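Architecture and fold: a report
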Amino acid sequence: FLSACGAYLVALHLTGSRLGAALAGAIFGFCPFRFSQYGHFAGLSLQWMAFSFFFVLRYLDRKEQSERPPDSEDGSLLPGRSGTAFARLGSMLDRPICNAVVAFLFLILQTLCSGIYGLYYCVFLGLYLVLRAGLRKSWSVKGAAALVVWSAALFICLLPFYWPNIVLKKRLGFERTLEENVRLASDVLTILTPPENSMMYTRVLAGMPPGEGQFPGLIVLLLAGYGVWTLWQNGKK
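Read on for an overview of the structure.

Reading the values: rules and limits
Residues numbered from 1 in each chain as written. Predicted model: local features only at pLDDT ≥ 70, side-chain atom pairs only at ≥ 80, totals over all residues. Heavy atoms only, no water. Helix = DSSP H or I, 4+ residues; strand = E, 2+ residues; numbered from the N terminus. Expected span 1.5 Å × (residues − 1). Buried < 20%, exposed > 50% of the residue type's maximum accessible area, 1.4 Å probe, protein only. Core = buried A, V, L, I, M, F, W, Y, C linked by side-chain atoms within 4.5 Å. Contact = heavy atoms within 4.5 Å. Patch = residues over 30% accessible without salt bridge, like charges linked within 9 Å, V, L, I, M, F, W, Y side chains within 5 Å. Areas by Shrake-Rupley, 256 points an atom, 1.4 Å probe, with all protein chains shown as cover. Salt bridge = Lys/Arg side-chain N within 4 Å of Asp/Glu carboxyl O. 1 Å grid on protein atoms, 1.4 Å probe; cavity = no way out; pocket = protein on both sides within 12 Å on 5 of 7 lines; lining within 4 Å. Points joined across faces, edges and corners; volume = space filled by probe spheres on them. Nonpolar A, V, L, I, M, F, W, Y, C, P; charged D, E, K, R; others polar. Phe/Tyr/Trp six-rings, centres within 6.5 Å; stacked < 30°, edge-to-face > 60°. Axes fitted to C-alpha atoms, helices over the stretch in contact; angles between N-to-C directions. Left-handed = near helix turned anticlockwise from the far one by under 90°.

**Observations regarding helix H6 (residues 96-113)**
Because each turn of an α-helix spans 3.6 residues, side chains separated by three or four positions in sequence point in the same direction. For H6, built from 18 residues, the straight-helix expectation of 26 Å at 1.5 Å per residue is met to within 8% by its first-to-last C-alpha distance of 26 Å. Along H6, the residues that are buried comprise Pro-96, Asn-99, Ala-100, Ala-103, Phe-104, Phe-106, Leu-107, Ile-108, Gln-110 and Thr-111.

Okay, structure coming up:
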């Protein structure tokens, strides 16, 4: 349920559509591959990743707004313009640095729930920031320096939680060989096909190799295709 709430906030921030955000939240929180993780409690703990990414998006947007020249007709971005104490408090909490700190704390929580998802999220977030900067042509030395500082602080905070696991794995010899990694890896075709206990698989896709629990659902795939087609039609290639 928390995963669904986090995905709702992310989609609402990106699209402004409450209906689309509700659908995105339901999909992220309750799609088929989540049910296949009932035997792995840590595998269900994706909620803090969604909340962290939501505050990363807020940080980036607030940062871009603060760097623009203030509008003479709108002083909402200028601190101290609001009359009440609650409004001033809200204005302070809406500053870029506050959103960055909250995103950082949610990332720590995600790592404590599932170390592997914490690592996955860091890789994904780094790729997203590079892609965003490239598409918007917003490269800057200051921004790169801030990312390096943020990464160093993250490494320092997460090391106490990862280090005992690294030591224990080395002491007990828990390492997978390359052959094991290849044999246990997911195949693209099985990710795109439902598992054997799915009615769709038994009636429509008989003869194809069954999925291995990573199938996101037919509705997700259709909506994703429709979204890409719509963006292409609107010229946002």
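So that's the structure; there's more coming.
**What about the nonpolar core?**
Phe-53, Val-56, Tyr-121 and Leu-154 are the most contacted members of the largest nonpolar core, which totals 22 residues. For this core, the elements supplying multiple residues, two or more each, are helix H4 (47-67), H6, helix H7 (115-136) and helix H8 (141-172). The biggest single contributor to this core is H4, with 9 residues. When sequence neighbours within four positions are dropped, the list of residues in contact with Val-56 reads Ala-103, Tyr-121 and Leu-125.

**What about a nonpolar patch on the surface?**
Judged by side-chain polarity, Phe-1, Leu-2, Phe-30, Phe-35 and Tyr-38 come together as a nonpolar surface patch covering roughly 610 Å² of accessible area. Within the secondary structure, Phe-1 is located in the segment before helix H1 (2-15). The class of Phe-1 is exposed, set by a relative accessible area of 71%.

**Regarding the layout of surface pockets**
Of the volumes computed, that of the largest pocket is approximately 1200 Å³. Together, 30 residues line the largest pocket, and Val-10, Ala-11, Leu-14, Thr-15 and Ala-24 are the ones closest to its centre. Listing elements by their share of the lining of the largest pocket, those giving two or more residues are H1, helix H2 (18-30), H4, H7 and helix H12 (218-233). Along the lines of polarity and charge, the residues of the lining of the largest pocket split into 22 nonpolar, 5 polar and 3 charged. Considering only enclosed or pocket space, the second largest pocket measures out at about 950 Å³ in volume. Lining the second largest pocket we find 26 residues, and of these Tyr-59, Leu-60, Gly-143, Ala-146 and Leu-147 sit closest to its centre. Within the residue set of the lining of the second largest pocket, elements represented by two or more residues are H4, H6, H7 and H8. Residues belonging to the lining of the second largest pocket are distributed by class as follows: 17 nonpolar, 3 polar and 6 charged.

**Let's talk about the packing of aromatic side chains**
Inspection of the entire model under this criterion finds 10 aromatic pairs. Measuring from ring centre to ring centre gives 5.1 Å for Phe-54 and Phe-55, while their planes differ by 70 degrees; the resulting arrangement is edge-to-face. Here Phe-54 matches Phe-55 in class, with each residue buried. Arranged with centres 6.3 Å apart and planes meeting at 55 degrees, the rings of Tyr-117 and Tyr-120 form a pair that is tilted. With a gap of 3 residues between them, Tyr-117 and Tyr-120 both fall in helix H7, about one helical turn apart. Looking at Tyr-117, the relative accessible area reads 17%, which means it is buried. Given the relative accessible area of 51%, Tyr-120 is considered exposed. Taken together, the ring pairs connect Trp-48, Phe-51, Phe-54, Phe-55 and Phe-106 into an aromatic cluster.

**Considering the packing of H1 against H2**
At their nearest, the axes of H1 and H2 sit 7 Å apart, and the two run at 145 degrees to each other. Crossing handedness for the pair H1 and H2: right-handed. From H1, Ser-3, Ala-4, Ala-7, Tyr-8, Ala-11 and Leu-12 reach across to H2, where they touch Arg-18, Ala-21, Ala-22, Ala-24, Gly-25, Phe-28, Gly-29 and Phe-30. Its residues assigned to classes, the contact of H1 with H2 shows 10 nonpolar, 3 polar and 1 charged.

**Considerations on the pattern of salt bridges**
Counted under the stated rule, the structure contains 2 salt bridges. Note that Arg-132 is salt-bridged to Asp-61, the shortest N-O span being 3.2 Å. With Arg-132 in helix H7 and Asp-61 in helix H4, this pair connects stretches of sequence that are 71 residues apart. Each member of the pair, Arg-132 as well as Asp-61, is classed as buried. Taking the shortest distance from any N to any O, the salt bridge between Arg-183 and Glu-179 comes out at 3.4 Å. Here Arg-183 and its partner Glu-179 are both found in helix H9 (residues 178-184), 4 residues apart, which amounts to about one turn of the helix.

So yeah, pure geometry; function would need other evidence.
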